[in-house]
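What follows is the residue order along each chain.
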There are 2 protein chains.
Amino acid sequence: MKIGIVGYGNLGKGVECAIRQNPDMELYGIFTRRAPESLKTLTGANVYSLDDILSHKGKVDVLIICSGSATDLPEQTPYLAKHFNVVDSFDTHAKIPEHFARVDEASREAGTVAMISVGWDPGMFSLNRLYLEVILPEGKTYTFWGKGVSQGHSDAIRRIEGVLDARQYTIPVPEAMQSVRSGENPDLTVRQKHTRECFVVAKEGADKAKIEQQIKTMPNYFADYDTTVHFISLEELKRDHSGIPHGGSVIRCGQTGLNGENKHVVEYSIKLDSNPEFTSSVLVSYARAAVKMSAEGICGCKTVFDVAPKYLTDKTLFEINKELL
Amino acid sequence: MKIGIVGYGNLGKGVECAIRQNPDMELYGIFTRRAPESLKTLTGANVYSLDDILSHKGKVDVLIICSGSATDLPEQTPYLAKHFNVVDSFDTHAKIPEHFARVDEASREAGTVAMISVGWDPGMFSLNRLYLEVILPEGKTYTFWGKGVSQGHSDAIRRIEGVLDARQYTIPVPEAMQSVRSGENPDLTVRQKHTRECFVVAKEGADKAKIEQQIKTMPNYFADYDTTVHFISLEELKRDHSGIPHGGSVIRCGQTGLNGENKHVVEYSIKLDSNPEFTSSVLVSYARAAVKMSAEGICGCKTVFDVAPKYLTDKTLFEINKELL
């Protein structure tokens, strides 16, 4: 199957690499808003102008849209779903129903499959929240994120006056995870679940005490958390904090039996060297599903909840029932 | 939806309890080969003779068949699928393709949905093996079982001369799990992955040294493992080993990037107080899916790979996209 990539940031590069791991796939090309000839790709892929994308209609089986959730995806996904099967990683949880409605209308009219909110959260974590809730209806689900870099929180620090650069790590509180894993079903406040650790490069002469105070009291981002701030040099930031690791866990403890006398703890956890590359790998699997479902005449907006696992693999049903069941 | 239970052992009792946790479900009754009036159920459910089950056709939405994989399910599932939507937990991995073929023929002809091999392995572990293999195609998947009671191995010990009763625990080797979790992708022999611990009650005057020797050298069951044998009293066995706990993990370590430079470790793990009750809870969720899929006109033999997650819940797609995605 021929796959097109829209947008060439970390996610787009991850998709470019992931396609090479799947022998049934071929990278058709990368569509960019930049001047195509200015783009140096990792694998020497074809690069096209996003403005001309409609001229490629019929030549691409599915587009993976690797743009940002804030302003790009709400425009691009419904627009492109009118002409192509598409997959995106829209991750603004609160706006998913609205995004779904717009994409669903476009894709139903065009007869395409449009998968939204694919990745690990939303995505694989969502799947586990659903599977666990239905299997253990009496229980409680917890999601922990980290240890990992939060791009949004890092950006928020960079906007403070006197800050040259910054990196923020979200860290789950070990005692909270331990309590959940032991089946205690604790009530946890925001502060009890995660801490935040910031590595900040201050501009020369900047008031560090003031910067630290501004970070720790920032509403929504930091005020509700125990936050640690370290001032380091630009060299140290580049040397020690240039990776984009992430991770997290979905944990559910539930009870069964005539009187709930038996406890069960289920945990899905991930530890990633590269957050965008793992997300890209999930996107590529669901791109395969989009093509296979489209070939069966299915259309409309889909999420991970709509996709039977068999559509994700290039193996036959007979093979997976024999080898993996 | 109205659910019938076929067979009333530990699994059937677990299903009876699990149905009460799901407000959209109702227990229609239990079908048994024993004399119905001899059966004392946990919840006072209706009990019917299995011989008369066809007279209940049209009154039950789905049957959960809670019989054994060795001899009962290969007969019962294809037979009952000719008349009802059914779910079973057939777990003889090597014979799944054969079981699938027979059940598929029966259910297609009858227009019913027949879900086979539902539980945690096969079942939830199979799902995770598939999801992880497609997301991280370059990598290695490991399945560990335990710590938990293996019924088959306990039975094998009980067949030895001089043994009154026995309980066998399968235990994953901590160092092996640690190596896998750290992303080393080790090659592990059978012996390196699991150990076996046996608690044996010997008959009076029995030759304990001989029993221990017979256990440790038993082909297929114990010879390939490091096995520990403890002789205990019947009282100790009843006091300390009457539960049916189990657990395990599916772990995959894979790499991504242009040259596989980034590692990712994903782990799905379960810790169960009651192995049969957790399996029952999975069966009940897939019974809901069978009814919902049947209502959409779908028919034939299905495994967990065929079931889109949305079919498992009684919530609407809008609700799960809003609440769980």
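Here the structure is shown first, and the text comes after it.
The rules we used
Per chain, the residues get numbers from 1 upward, laid out in the order the sequence is written. Written order determines the labels here, with chains lettered from A and ligands numbered from 1. Side-chain atom pairs in this predicted model are given and counted only at pLDDT of 80 or more, local residue features only at pLDDT of at least 70, and totals for whole chains, interfaces and linings cover all residues. As a rule here, side-chain values come from all non-hydrogen atoms in the structure, and water together with hydrogens is ignored. A 1.4 Å probe that fits but cannot get out identifies a cavity on a 1 Å grid over protein atoms alone, an open set with protein on both sides within 12 Å along at least five of seven lines counts as a pocket, and a residue lines either if it has an atom within 4 Å of a point. Grid points are joined across faces, edges and corners, and a volume is the space filled by probe spheres set on the points. In this description a helix means any DSSP run of H or I spanning at least four residues, a strand means any run of E spanning at least two, and both kinds are numbered starting from the N terminus. Only Asp, Glu, Lys and Arg are considered charged, only Ala, Val, Leu, Ile, Met, Phe, Trp, Tyr, Cys and Pro nonpolar, and every remaining residue, Gly among them, polar. Should DSSP find at least two bridges between two strands, the strands are regarded as paired. To obtain each axis, a line is fitted to C-alpha atoms, and for helices this fit is confined to the stretch in contact; angles are then taken between N-to-C directions over 0 to 180 degrees. In this description, contact between two residues means that some pair of their heavy atoms is separated by no more than 4.5 Å. By definition in this entry, angles of less than 35 degrees are roughly parallel, angles greater than 145 are roughly antiparallel, angles of 65 to 115 are roughly perpendicular, and the rest are oblique. Here is the rule for handedness: rotate from the far helix to the near one, and if that takes an anticlockwise turn smaller than a right angle the crossing is left-handed, while a clockwise turn gives right-handed.

A. Just empty space enclosed by the protein, in detail. Evaluation of the coordinates by the stated rule reveals 1 cavity of 30 Å³ or more. Space inside the largest cavity adds up to approximately 60 Å³. Met124(A), Leu127(A), Asn128(A), Tyr131(A), Tyr268(A), Met124(B), Leu127(B), Asn128(B), Tyr131(B) and Tyr268(B) together form the lining of the largest cavity. Those elements that provide at least two residues to the lining of the largest cavity are helix 4 (124-135) of chain A together with helix 4 (124-135) of chain B. Each residue belonging to the lining of the largest cavity can be placed in one class, and the counts come to 8 nonpolar, 2 polar and no charged.

B. Examining the sheet that holds strand 1 (residues 2-6) of chain A more closely. All names here are of chain A. One open sheet accounts for 7 strands, arranged 3-2-1-4-5-6-14; its pairing is parallel. Two strands lie at the open edges of the sheet, namely strand 3 (47-49) and strand 14 (300-302), each paired on one side alone. Sheet twist, expressed as the mean angle between neighbouring strand axes with direction ignored, is 25 degrees. Bridge count for strand 1 against strand 2 (residues 26-32) is 5 bridges, and the pairing is parallel. Looking at strand 2, one finds that Lys2 is bridged to Glu26. Contacting strand 1, strand 4 (62-65), strand 5 (86-88), strand 6 (113-115) and strand 14, helix 10 (residues 275-295) runs over the sheet at an angle of about 160 degrees to strand 6.

C. Spotlight on the packing of helix 2 (residues 73-81) of chain A against helix 3 (residues 96-110) of chain A. Residue and element names in this part refer to chain A. Contact pair helix 2 / helix 3: the axes reach a minimum separation of 7 Å and the direction vectors enclose 15 degrees. Classified by the angle their axes make, helix 2 and helix 3 are roughly parallel. Like other packed secondary-structure pairs, helix 2 and helix 3 cross with a definite hand, here right-handed. Counted together, Leu73, Pro74, Thr77, Pro78 and Ala81 of helix 2 and His99, Arg102, Val103, Ala106, Ser107 and Ala110 of helix 3 form the full contact between these two elements. Of the residues contributing to the contact of helix 2 with helix 3, the split by class is 7 nonpolar, 3 polar and 1 charged.

By themselves, these figures tell us nothing about what the structure is for.
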